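This is what each chain is made of:
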Amino acid sequence: MRDYSKDTHANPPSVPLPEDDADADLEAAAVPDALSPSSFKVPPDYGGLRLDQALAKLLPEYSRSRLQDWVAQGLVTLNGAAVTSKQKVWGGETLDVIPQSNPADMPYQAEDIALDIVHEDDSIIVINKPVGLVVHPGSGNWQGTLLNALLHHDPALGKVPRAGIVHRLDKDTSGLLVIAKTLTAQTALVRQLQERSVRREYLALAHGEISRGGRVDQPIDRHPSQRTKMAVVDGGKPAVTHYAIVESFPGCTLLRCKLETGRTHQIRVHMAFLQHPLVGDHIYIKGAQKCPPTMRSTLMEFPRQALHAERLGLGHPETGEWMEWQRDMPDDMRQLLEKVRGMAHELP
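Residues numbered from 1 in each chain as written. Predicted model: local features only at pLDDT ≥ 70, side-chain atom pairs only at ≥ 80, totals over all residues. Heavy atoms only, no water.

## Topic: helix H2 (residues 64-72)
Argument step 1. Within the span of H2, buried status applies to Arg66, Leu67, Trp70 and Val71. Buried residues of H2, viewed axially, fall in a sector of 145°; they line one side.
Argument step 2. Lining the buried residues of H2 we find helix H1 (51-58), strand E3 (76-78) and strand E5 (94-97).
Argument step 3. Positive phi shows up at glycine 74, right after H2, with a value of about 80°. (Buried < 20%, exposed > 50% of the residue type's maximum accessible area, 1.4 Å probe, protein only. Helix = DSSP H or I, 4+ residues; strand = E, 2+ residues; numbered from the N terminus. Arc of directions from axis to C-beta. Contact = heavy atoms within 4.5 Å.)

If you want it as structure tokens, here you go:
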């Protein structure tokens with residue numbers, strides 16, 4: 001087996017709850033009484049500052065990004081006129097601000113969203129997450145998430161941090177997730193994630209013909225210039241993915257990927273690093289992929305990354321008993337594979 005290693009970290013890091021598996025940079029709540037309109041005289045010693053810098057000094061309880069959003073929305077005026085964040089102040093002007101609440105400051109709401117529950121007991125819930133369901137509320141997805149559904153399914157989860165979520169799947173990745181129903185269970189599951197003893201296996205359809213399985217040990221962090229993407233970055237968080245061939249086709253390969261760590265977009269980033277991006281992963285695909293022309297359009301038109309969390313195994317947080325679950329890939333990915341198999345048989 002090939003070993004794409006870059007062992008720059010002697011000791012594996014702890015796995016916090018649960019930032020390693022998805023973006024969770026939610027802004028802290030603002031001061032409750034600060035949402036009424038405010039008017040300020042710009043102090044003389046602020047002369048020469050950019051408007052957003054002056055606002056940050058006058059309203060330190062809000063983040064710079066929140067203040068810039070208000071400026072962009074026209075909620076800030078200078079001497080009664082619209083402004084930009086980069087505009088300079090000179091002192092003595094009248095600055096009017098109409099603060100706007102942020103969904104991140106609001107309590108999460110229970111929503112009646114159907115859940116495919118694979119297993120449930122007094123300690124855990126195992127969910128088969130469908131494609132399109134966001135796991136945790138965040139920017140642009142404050143409602144309609146798995147967390148909202150969990151609060152409706154069991155209101156007691158409102159007493160557990162993040163409604164018991166301890167790891168995540170991307171919005172357009174399907175498959176198995178475990179939820180902790182108690183603080184004790186949550187602590188135990190996080191410890192297992194730290195110890196890398198949770199078994200997480202995925203089915204992934206990757207571009208290109210991969211000849212054998214292997215291991216990728218490459219650190220992952222934010223892309224240095226494209227902040228909505230992740231990338232292999234020197235000094236990033238350690239990330240290890242094992243992959244094995246399940247089925248080979250002209251132009252693509254079905255893989256079983258096993259995670260040791262759980263970084264944001266880990267499998268997607270590691271396979272793109274190997275120059276075998278996942279089919280349908282239009283964020284990490286660069287240029288046209290080598291593929292028989294008759295199959296190229298089928299692969300390139302698949303609307304999401306072809307990735308499914310097929311197997312999940314863990315020690316029960318109360319009894320210690322080892323438990324495993326398995327769920328077949330959803331219909332769209334299964335139909336894609338059937339089409340690829342058929343086309344492969346027709347090729348010369």
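## Observations regarding the confidence of the model for the protein chain
Argument step 1. Within the protein chain, residue pLDDT values average 87, and 87% of them lie at 70 or more.
Argument step 2. Taken together, the stretch residues 1-34 has pLDDT below 50 and engages in 90 contacts with residues farther than four places along the chain or on a different chain. (pLDDT = per-residue confidence, 0-100.)

## Some thoughts on the packing of aromatic side chains
Argument step 1. Throughout the structure, instances matching the rule amount to one aromatic pair.
Argument step 2. An angle of 70° between the planes, with centres 4.7 Å apart, marks the rings of tyrosine 62 and tryptophan 70 as edge-to-face.
Argument step 3. In this structure tryptophan 70 comes out as buried when scored by relative accessible area, which is 1%. (Phe/Tyr/Trp six-rings, centres within 6.5 Å; stacked < 30°, edge-to-face > 60°.)

## Things to note about the pattern of salt bridges
Argument step 1. One pass over the full model with this rule turns up 17 salt bridges.
Argument step 2. With a closest N to O distance of 2.9 Å, arginine 199 and glutamate 201 form a salt bridge.
Argument step 3. Judged by relative accessible area, arginine 199 falls into the partly exposed class, the value being 23%.
Argument step 4. Among the salt bridges present, the one from glutamate 201 reaches arginine 256, with a minimum N-O distance of 3.5 Å. Residue glutamate 201 is found in strand E9 (residues 199-207), and its partner arginine 256 is found in strand E14 (residues 252-259); the two are separated by 55 residues along the sequence. (Salt bridge = Lys/Arg side-chain N within 4 Å of Asp/Glu carboxyl O.)

## Notes on the nonpolar core
Argument step 1. Residues Leu146, Tyr202, Ile267 and Met271 are the most contacted members of the largest nonpolar core, which totals 29 residues.
Argument step 2. Mapped onto this core, the elements with two or more residues apiece are strand E7 (124-129), helix H3 (146-153), strand E8 (174-180), E9, E14, helix H5 (266-273) and strand E15 (307-315).
Argument step 3. It is H3 that contributes the most residues to this core, four residues altogether.
Argument step 4. Look past the residues within four positions of isoleucine 267 in its chain and what remains in contact with it is Tyr202, Thr241, Cys257, Leu259, Leu278 and Leu307. (Core = buried A, V, L, I, M, F, W, Y, C linked by side-chain atoms within 4.5 Å.)

## Topic: the environment of aspartate 45
Argument step 1. Examined against the element boundaries, aspartate 45 turns out to sit in the loop between strand E2 (38-41) and H1.
Argument step 2. Linking aspartate 45 and tryptophan 90, residues 45 residues apart in sequence, is a C-alpha distance of 8.3 Å.

## Description of the packing of helix H6 (residues 293-300) against helix H7 (residues 331-346)
Argument step 1. It is the contact of H6 with H7, at a shortest axis distance of 10 Å, that shows an interaxial angle of 175°. As the angle between them shows, H6 and H7 are arranged roughly antiparallel. Facing H6, whose interface residues are Thr294, Met295, Thr298 and Leu299, H7 presents Leu336, Lys339, Val340, Met343 and Ala344. (Axes fitted to C-alpha atoms, helices over the stretch in contact; angles between N-to-C directions. Parallel < 35°, antiparallel > 145°, perpendicular 65-115°, else oblique.)

## Focus: the pairing of strand E13 (residues 240-249)
Argument step 1. In this structure, strand E10 (residues 214-217) lies alongside E13, joined through four bridges in antiparallel fashion. Note that in E13 the partner of aspartate 217 across the bridge is valine 240.
Argument step 2. One ladder, built from eight bridges, connects E13 with E14; its direction is antiparallel. Bridged to tyrosine 243 within E14 is cysteine 257.
Argument step 3. In sequence, E13 turns back onto E14 through a hairpin of two residues, with glycine 251 there showing a positive phi of about 95°. (Pairing = 2+ DSSP bridges.)

## A short note on the packing of H1 against H2
Each packed pair of helices is defined by two parameters, the angle between the axes and the distance between the axes.
Argument step 1. Between H1 and H2, the shortest axis-to-axis distance is 10 Å and the interhelical angle comes to 120°. The pairing of H1 with H2 is recorded here as oblique in orientation. The way H1 lies across H2 gives a crossing that is right-handed. In this structure, H1 contributes Leu51, Asp52, Gln53, Leu55 and Ala56 to the contact, and H2 contributes Arg64, Leu67, Gln68 and Val71.
Argument step 2. Residue composition of the contact of H1 with H2, by class: five nonpolar, two polar and two charged. (Left-handed = near helix turned anticlockwise from the far one by under 90°. Nonpolar A, V, L, I, M, F, W, Y, C, P; charged D, E, K, R; others polar.)

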